[in-house]
Amino acid sequence: MTTSTTRTARAMTTEQRARFERDGYLVVPAALTDDEVERYSRALDRVYAQERAAGRVGADGSMHRLGAVAALPEAVHLTDHPSTFPLVWSVLGWNVHVYHSHLDVHPPIRVPKPYRFEWHQDGGRQNRELETEPRPRLSVKVAFWLSDVSVPGRGNFKVVPGSHLSNRIDGPPRRDIRWPEPPGAVEVTAEPGDAVFFDRRLWHTRTGNHSELTRKGVFIAYSHRWSHNRDENSALLASPAAVAFTPVQRQLLGAPLAAPGQSAGDHQWGHYPDTTPLHGYLAARGLLDPHHPPLRP
Ligand SMILES: O=C(O)CCC(=O)C(=O)O
């Protein structure tokens, strides 16, 4: 498998950083090979079949399964995928984990759905409880596309480019009240295997799948280890599958990292770079950056 941090790692380019800071997202073409798309797609079908058999898909057949790696251990290789993970550590630094993730399957819509205004920024109460304008970034997310959303109308991810710097957009008083789409909104188009890397503050929404193709994606979100995770991976980390996880993958999944004599809480705080695998990984490759505070040793 070619999906690990062992491929040559390179920091985000200056041009990528400028575009990300301006637009709030980047499309990463061909982040996954055709073979990877095929494998992850088959694995996602397996989870979907299990969830459907257990009665855990929506009435419309859709699945939005939280905890991507716990449900699909193969997805561990997406957490530190060499096509996308450098974007994550280039922005957030070395003291990061996967705080939230989901597997999504959305079959074609056969019966019209009631209207719902789904535009949002990620982070839930972060958007109530933080007082600055704009609020801080705090987390980023990667969407890996396993189906073809190369034309609009296929359940594409829809965004307002540049909106990550605005705390609010105009919206209805209640989500079931029809409301005009935000000015400048675009459906992001992507081929199977493309990824979209985005700032949690980017105003975005899922759209309806009005095509004949089932829309499939895996979403992995990262934050600093000092902010609490939403994913629960302790059973996964104790399972036989975890034996093959790399130290960086274990860090990302929230494994306890404190060595004897180190405090677990202080470890999450970033007080022990020497026993934080991503710090060691980046240091060994000369990828720590004294000019970028999150990447400072
Ligand atoms: O499924 C999508 O296109 C959007 C997902 C979303 O809203 C999110 O990841 O926060």
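Keep in mind that this is a model prediction, so the values were computed, not measured.

### A closer look at the nonpolar core
A general feature of soluble globular proteins is that nonpolar side chains tend to end up buried together.
Thinking step 1. One finds Leu 103, Phe 197, Tyr 222, Leu 278 and Leu 282 to be the most contacted residues of the largest nonpolar core, which totals 56 residues.
Thinking step 2. For Leu 278, the contacting residues outside a window of four places in its chain are Phe 85, Trp 89, Gly 93, Trp 94, Val 96, Val 248 and Gln 251.
Thinking step 3. If you look at the next biggest cluster of nonpolar residues, it comprises 12 residues, including Tyr 25, Ala 143, Trp 145 and Val 149.

### Structural notes on the sheet that holds strand E6 (residues 186-188)
Thinking step 1. Pairing is antiparallel in the open sheet, where three strands are placed in the order E6-E5-E8. Of all strands in the sheet, those bounded by a partner on one side alone are E6 and strand E8 (204-206). The average undirected angle you get between the axes of adjacent strands in this sheet is 30°.
Thinking step 2. Of the pairings in the sheet, the one linking strand E5 (residues 157-159) to E6 comprises three bridges and is antiparallel in character. When the bridges of E6 are listed, Lys 158 appears paired with Glu 187.

### What to know about the pairing of strand E9 (residues 215-224)
Thinking step 1. Taken across its 10 residues, E9 has 10 buried, putting it largely inside the fold.
Thinking step 2. With 10 bridges connecting them, strand E3 (residues 96-106) and E9 associate as antiparallel partners. Bridging across to E9, Val 98 finds its partner in Tyr 222.
Thinking step 3. Of the pairings in the sheet, the one linking strand E4 (residues 139-145) to E9 comprises seven bridges and is antiparallel in character. The residue bridging Trp 145 from the neighbouring strand is Gly 217, located in E9.

### Some words on the sheet that holds E9
Thinking step 1. The antiparallel open sheet is built from six strands, whose spatial order is E1-E7-E4-E9-E3-E2. Edge strands, defined here as strands with exactly one partner in the open sheet, are strand E1 (25-28) and strand E2 (63-66). For this sheet, the mean angle separating the axes of adjacent strands, direction not counted, is 15°.

### Some points on the packing of aromatic side chains
Think of a pair of aromatic rings as described by two things: how far the centres are apart, and how the planes are tilted against each other in angle.
Thinking step 1. A complete count under the given rule lists four aromatic pairs for this structure.
Thinking step 2. Ring geometry for Trp 145 versus Phe 219: centroids 6.0 Å apart, planes at 80°, classification edge-to-face. Here Trp 145 is found in strand E4, whereas its partner Phe 219 is found in strand E9, with 74 residues between them in sequence. Of the two residues, Trp 145 and Phe 219, both sit in the buried class.
Thinking step 3. Residues Phe 157 and Phe 198 carry aromatic rings whose centres are separated by 4.6 Å and whose planes lie at 45° to one another, so their mutual orientation is tilted. Of this pair, Phe 157 sits in strand E5 while Phe 198 sits in strand E7 (residues 195-199), placing them 41 residues apart in sequence. The exposure classification of Phe 157 matches that of Phe 198, with both residues buried.

### Focus on the site of the ligand
Thinking step 1. The environment of the ligand is made up of His 102, His 120, Asp 122, Lys 141, Phe 157, His 204, Arg 206, Arg 215 and Phe 219.
Thinking step 2. His 120 places a side-chain nitrogen or oxygen 3.0 Å from an oxygen atom of the ligand.
Thinking step 3. The separation between an oxygen atom of the ligand and a polar side-chain atom of Lys 141 is 2.7 Å.
Thinking step 4. Protein contact buries 94% of the 290 Å² of open area that the ligand shows by itself.
Thinking step 5. Those elements giving two or more residues to the shell around the ligand turn out to be E8 and E9.
Thinking step 6. Considering only residue class, the shell around the ligand consists of two nonpolar, three polar and four charged.

### Some words on the side chain of His 164
Thinking step 1. When you line up the elements, His 164 lands in the loop between E5 and E6.
Thinking step 2. In terms of polar contacts, His 164 uses its side chain to reach the backbone carbonyl oxygen of Glu 21, at 2.7 Å.

### Describing the layout of surface pockets
Thinking step 1. As a volume, the second largest pocket reaches approximately 230 Å³.
Thinking step 2. Around the second largest pocket, the lining is made up of 13 residues, and of these Arg 10, Ala 11, Pro 82, Ser 83 and Pro 86 lie nearest the centre.
Thinking step 3. Looking at side-chain class alone, the lining of the second largest pocket contains seven nonpolar, four polar and two charged residues.

### Some points on the pattern of salt bridges
Between side chains of opposite charge, a pair can form as their charged atoms come close.
Thinking step 1. Counted according to the given criterion, the structure contains 20 salt bridges.
Thinking step 2. Salt-bridge contacts for Arg 110 lead to Glu 212; the nearest nitrogen and oxygen are separated by 3.2 Å. Residue Arg 110 is found in the loop between E3 and helix H6 (126-129), and its partner Glu 212 is found in the loop between E8 and E9; the two are separated by 102 residues along the sequence.
Thinking step 3. Arg 110 gets classed as exposed once you look at its relative accessible area, which sits at 60%.
Thinking step 4. According to the relative accessible area criterion, Glu 212 is exposed, its value standing at 60%.
Thinking step 5. For Arg 201, the salt bridge goes to Asp 199, with nearest N and O atoms at 2.7 Å.
Thinking step 6. Under the relative-accessibility criterion, Arg 201 is labelled buried at 7%.
Thinking step 7. The class of Asp 199 is buried, set by a relative accessible area of 0%.
Thinking step 8. Here the salt bridges share partners, and the residues they tie into one network are Glu 21, Arg 137, Asp 199 and Arg 201.

Definitions and cut-offs
- Residues numbered from 1 in each chain as written.
- Predicted model: local features only at pLDDT ≥ 70, side-chain atom pairs only at ≥ 80, totals over all residues.
- Heavy atoms only, no water.
- Core = buried A, V, L, I, M, F, W, Y, C linked by side-chain atoms within 4.5 Å.
- Buried < 20%, exposed > 50% of the residue type's maximum accessible area, 1.4 Å probe, protein only.
- Contact = heavy atoms within 4.5 Å.
- Pairing = 2+ DSSP bridges.
- Helix = DSSP H or I, 4+ residues; strand = E, 2+ residues; numbered from the N terminus.
- Axes fitted to C-alpha atoms, helices over the stretch in contact; angles between N-to-C directions.
- Phe/Tyr/Trp six-rings, centres within 6.5 Å; stacked < 30°, edge-to-face > 60°.
- Near = heavy atom within 4 Å.
- Polar contact = N/O pair within 3.5 Å; in protein donor to acceptor, adjacent residues only side chain to side chain.
- Areas by Shrake-Rupley, 256 points an atom, 1.4 Å probe, with all protein chains shown as cover.
- Nonpolar A, V, L, I, M, F, W, Y, C, P; charged D, E, K, R; others polar.
- 1 Å grid on protein atoms, 1.4 Å probe; cavity = no way out; pocket = protein on both sides within 12 Å on 5 of 7 lines; lining within 4 Å.
- Points joined across faces, edges and corners; volume = space filled by probe spheres on them.
- Salt bridge = Lys/Arg side-chain N within 4 Å of Asp/Glu carboxyl O.

In short, geometric facts, not functional conclusions.
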